[in-house]
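Understanding the architecture of this molecule
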Amino acid sequence: MQTPPPNAFLTVDTAALAANWRVFAAASGPADCGAAIKANGYGLGAREVADTLTAAGCRDLFVAQWQEVAALGLLPQGVRLAVLHGADAADIPFALSINAVPVLVTPAQVAAWKSTGRPCDVMIDTGLNRLGLAPADALSGLLDNLEIHTLHSHLACSEDRAHQLNETQRRTFAEICSKIPARRLALANSAGIGLGAPYHLGLTRPGIGLYGGGQSPGIMPLQPVAALSARILQIRDIAPGACVGYGATFTAARPTRLATTALGYADGYPRALSNHGRAHVAGIPCPLVGRVSMDLTIFDVTDAPQVAEGSFLDIDFDLAETAAASGHSEYELLTGLGARYARIYR
Ligand SMILES: *Cc1c(COP(=O)(O)O)cnc(C)c1O
């Protein structure tokens, strides 16, 4: 059966993705530079992201859950895949059947994993108070007789260069690491890499910056990776005074040409962009008018008379601007992109 043509495209610029990884790899100095590809590669497609980054030289990938490992399939020789939520006893049979290691996060996980005799990673919580062993547990002897490959911690405030918790966490981690044997140490996410060499240790774990987002001070220049376009389902001309969309939140002030596109909040295009978003046609800005609905969004194309039903509008999706306009974080914007896009890699 033939598949119907798509209504919206999510275009992933794999050259930009690879270039962004090289920027972080260079900024990481002698440390290995990995990549967080959890949540389906931050919404862009974990398999394709993994292929692109491993071809660029990345040797350490991170997902959150074992389901994500299964979805990823085979990776090239020499690539190490680690699972940030660790492995509960019930995960161990699957974990042992596949080429990925857990980042153990609780004393119960450590106890269960010891029986496998296999190497693993361990996460120490040094102040985020989210997921990982408390320092006291890590130093209690719990980790004796465990073969730790990479010992991790994760920063709470790396986006705020001046925050004192950065240095507090770094020191706490250094103190713990001096007492626990591990082959490699890792602390920095994208923004953490920008905090400088003392944070790089043996491995860095950038995520958002690879996908063109996040403010990582001192890490420049990052290129946008994701672009959206949506099909115009209908064009309509309305008179001044006519209103648009649910709740009638927009009223035309001039004779106005509207383009209704096949894109909505079900595609992760934020409803908060109602009357704030924008599209472009051949460089001409087309403001979003009225409310974003589940499957439809309407743009004012009065200034772009060349558009026709069935053609596509380029939807502005600059991460920093869209985050500011919508109140969503750049992480939410990327990971919220829905399943209906045709994802194009080039
Ligand atoms: C998601 C994640 C990262 C990547 O963080 P970014 O802010 O996206 O760079 C790194 N380390 C851990 C433990 C994570 O959960």
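Rules and cut-offs
- Residues numbered from 1 in each chain as written.
- Predicted model: local features only at pLDDT ≥ 70, side-chain atom pairs only at ≥ 80, totals over all residues.
- Heavy atoms only, no water.
- UniProt positions renumbered as here; feature names shortened; annotations may be inferred.
- Axes fitted to C-alpha atoms, helices over the stretch in contact; angles between N-to-C directions.
- Helix = DSSP H or I, 4+ residues; strand = E, 2+ residues; numbered from the N terminus.
- Parallel < 35°, antiparallel > 145°, perpendicular 65-115°, else oblique.
- Left-handed = near helix turned anticlockwise from the far one by under 90°.
- Contact = heavy atoms within 4.5 Å.
- Nonpolar A, V, L, I, M, F, W, Y, C, P; charged D, E, K, R; others polar.
- Phe/Tyr/Trp six-rings, centres within 6.5 Å; stacked < 30°, edge-to-face > 60°.
- Buried < 20%, exposed > 50% of the residue type's maximum accessible area, 1.4 Å probe, protein only.
- Polar contact = N/O pair within 3.5 Å; in protein donor to acceptor, adjacent residues only side chain to side chain.
- 1 Å grid on protein atoms, 1.4 Å probe; cavity = no way out; pocket = protein on both sides within 12 Å on 5 of 7 lines; lining within 4 Å.

Under an unreviewed UniProt entry, the name given to the protein chain is Alanine racemase, and the source organism is Sandarakinorhabdus glacialis. UniProt lists a comment for the protein chain under the heading Pathway (unreviewed entry), and it reads "Amino-acid biosynthesis; D-alanine biosynthesis; D-alanine from L-alanine: step 1/1." For the protein chain, the Function (unreviewed entry) comment in UniProt is given as "Catalyzes the interconversion of L-alanine and D-alanine. May also act on other amino acids."

1. Section: the packing of helix H1 (residues 14–27) against helix H3 (residues 46–56)
One can describe the packing of H1 onto H3 by two numbers: an axis separation of 9 Å at closest approach and a directional angle of 50°. Between H1 and H3, the angle falls in the class oblique. Every pair of crossing elements has a handedness; the one defined by H1 and H3 is right-handed. Contacts between H1 and H3 pair Thr14, Leu17, Ala18, Trp21 and Arg22 from the former with Val49, Thr52, Leu53 and Ala56 from the latter. For the contact of H1 with H3, a count of residues per class yields 6 nonpolar, 2 polar and 1 charged.

2. Some thoughts on the packing of aromatic side chains
Across all of its chains, the model carries 4 aromatic pairs by this definition. Note on Tyr42 and Tyr331: the rings are 6.3 Å apart at their centroids and 40° apart in plane angle, and the pair reads as tilted. Of this pair, Tyr42 sits in helix H2 (residues 38–42) while Tyr331 sits in helix H11 (residues 330–335), and the two are 289 residues apart along the sequence. A relative accessible area of 5% means that Tyr42 is categorised as buried. The class for Tyr331 is partly exposed, based on a relative accessible area of 32%.

3. Concerning the side chain of His154
The residue His154 is located in the loop between strand S8 (148–152) and helix H8 (164–177) in this model. A distance of 3.2 Å separates the side chain of His154 from the side chain of Arg205, its partner in a polar contact.

4. Notes on the UniProt feature "active site" (unreviewed entry) in the protein chain
Sequence positions flagged by UniProt for "active site" (unreviewed entry) are, in local numbering, Lys38 and Tyr246. These annotated residues cover 209 residues of sequence, and their C-alpha atoms reach 35.3 Å apart at the extremes, leaving them scattered rather than at a single site. None of the other annotated residues line the largest pocket; only Lys38 do. Summarising the element assignment, Lys38 is placed in helix H2. Residue classification places Lys38 among the partly exposed positions, given a relative accessible area of 26%. Those residues in contact with Lys38 that lie beyond four places of it in its chain are Phe62, Val63, Ala64, Glu68 and Leu84. Within the secondary structure, Tyr246 sits in the loop between strand S12 (243–244) and strand S13 (250–251). Residue class for Tyr246 comes out exposed when judged on its relative accessible area of 61%. Once residues lying within four places of it in the same chain are set aside, the contact partners of Tyr246 are Arg291 and Ser293.

5. Considering unusual backbone geometry
Positive phi values are uncommon outside glycine, yet Asn129 reaches one of about 50°. Secondary-structure assignment places Asn129 in the loop between strand S7 (120–123) and helix H7 (135–138). Located in the positive-phi region is Asn275, a residue other than glycine, with phi close to 60°. Tracing the backbone shows Asn275 in the loop between strand S14 (256–261) and strand S15 (278–281). The exposure class of Asn275 is partly exposed, given its relative accessible area of 31%.

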